[in-house]
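Chain residues, written in single-letter form:
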Amino acid sequence: MAISLKGRDFLTLKDFKPEEIEYLVNLAATLKEKKKNGILTKDALHGKNIVLIFEKTSTRTRCSFEVAGHDLGMEVTYLDPAGSQIGKKESIADTARVLGRMYDGIEYRGFGQEIVEELARYADVPVWNGLTNEYHPTQMLADLLTIKEQLGRLKGVKLTYMGDARYNMGNSLMIACAKMGMHFTACAPKAYFPNEKLIEECMEYAKESGATLSFEEDVMKGTEGADVIYTDVWVSMGEPENVWKERIDALLPYQVTMDVMKNGADDVIFLHCLPSYHDRKTTIGKKVGETFGLNELEVTDEVFESSYSRVFEEAENRMHTIKAMMAATLGAFEEEK
Ligand code: CP
Ligand code: NVA
């Protein structure tokens, strides 16, 4: 049966069937090809308007929604962390009912998943999660497209996530792998493994898809033969500065180094959602680096700049996949894959 995602929210990949996720990845590949060939898609959603609410900062996600929106012929409103009444003078439910009457789609980046869920409950238009503390589903579409492009397959791919696997990236990668029949390993100290409830849910998806999930404290065991080695910052947006010390103490052994990469499969690739502290060329990277005597944090500069690294291909794919996700939920290109 033909797949239609028209009218759906995009809050977490938990809500989507593997074939629906595959449909979005394939549609993104088609739209990427069109863009590379100079084929315009401005008629697709011409006349529609979308609003982007960012309660946390962003480079990739914001720019992807804006460029993708324009490429699809839409007008885009951006609300920055200080630029709206949301949460401060107006409840989420009221905001949703106002914006839902003006816009055809609403993106939200912010704190708890319950906020984006409440927006979705009260707005009559698709609501898209641009990152919450718990999940980062649009990043997953980009990662899946990148893995498919780079390795030629998703099913059976062995992905190891190193670092804080309890937060949005670890959670989302575990869900994505479980849905798509991939082999997920969280390689971290036990206290940094995803929560039991989510693991149980993902075990159910894995039964259907043939995925496996494992949790490994030993770096060499956890990365042996991996096709994809993935990491993220050790302290996420919204977390207090004073957690850096405990994170560095716990996670430094899980830094992605050349030795870690060499322990992967012959054609292993390195991915990172970005931004990354791989040198001291950022304010935070410099400050944390000076305080703790480190030049690089979750990944070495050598790995980041090496031929293993596909992080910029991955970043580009944010735009193509967000375009596919918006197009599908707003009902464009239903005949294409
Ligand atoms: N990967 C990602 O979400 O990047 P931004 O924070 O720049 O949007
Ligand atoms: N875990 C990071 C991801 C950034 C894309 C954060 O939430 O800050």
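It should be noted that the structure appears before, not after, this text.
Residues numbered from 1 in each chain as written. Chains lettered and ligands numbered in written order. Predicted model: local features only at pLDDT ≥ 70, side-chain atom pairs only at ≥ 80, totals over all residues. Heavy atoms only, no water.

(A) View of the site of ligand 2. Every residue lining ligand 2 is accounted for by Leu-131, His-136, Asn-168, Asp-232, Val-233, Ser-236, Met-237, Cys-273 and Leu-274. Taking Asp-232, its side chain carries an N or O atom lying 2.6 Å from a nitrogen atom of ligand 2. Here a nitrogen atom of ligand 2 and a side-chain polar atom of Ser-236 are 2.7 Å apart. Here ligand 2 loses 95% of its free accessible area of 270 Å² to cover by the protein chains. Split into classes, the residues belonging to the shell around ligand 2 amount to five nonpolar, three polar and one charged. (Near = heavy atom within 4 Å. Polar contact = N/O pair within 3.5 Å; in protein donor to acceptor, adjacent residues only side chain to side chain. Areas by Shrake-Rupley, 256 points an atom, 1.4 Å probe, with all protein chains shown as cover. Nonpolar A, V, L, I, M, F, W, Y, C, P; charged D, E, K, R; others polar.)

(B) Broad picture of the state of the cysteines. Summed over the entire model, instances satisfying the criterion amount to zero disulfides. Lacking any disulfide linkage, Cys-63 is separated from the closest cysteine sulfur, that of Cys-273, by 16 Å. In this model Cys-202 remains outside any disulfide bridge; the closest cysteine sulfur is found in Cys-177, 9.3 Å from its own. (Disulfide = S-S within 2.5 Å.)

(C) The arrangement of unusual backbone geometry in detail. Residue Leu-274 is joined to Pro-275 through a cis peptide bond whose omega torsion reads 0°. Mapping Pro-275 onto the fold places it in the loop between strand E9 (269-272) and helix H11 (283-292). Of note, the phi angle at Leu-131 is positive, near 125°, even though the residue is not glycine. Relative to the elements of secondary structure, Leu-131 occurs in the loop between strand E4 (127-129) and helix H5 (137-151). We classify Leu-131 as buried; its relative accessible area is 7%. Here the phi dihedral of Leu-274 falls at roughly 65°; this positive angle occurs in a residue that is not glycine. By secondary structure assignment, the location of Leu-274 is in the loop between E9 and H11. When its relative accessible area of 10% is taken as the criterion, Leu-274 is described as buried. (Helix = DSSP H or I, 4+ residues; strand = E, 2+ residues; numbered from the N terminus. Buried < 20%, exposed > 50% of the residue type's maximum accessible area, 1.4 Å probe, protein only.)

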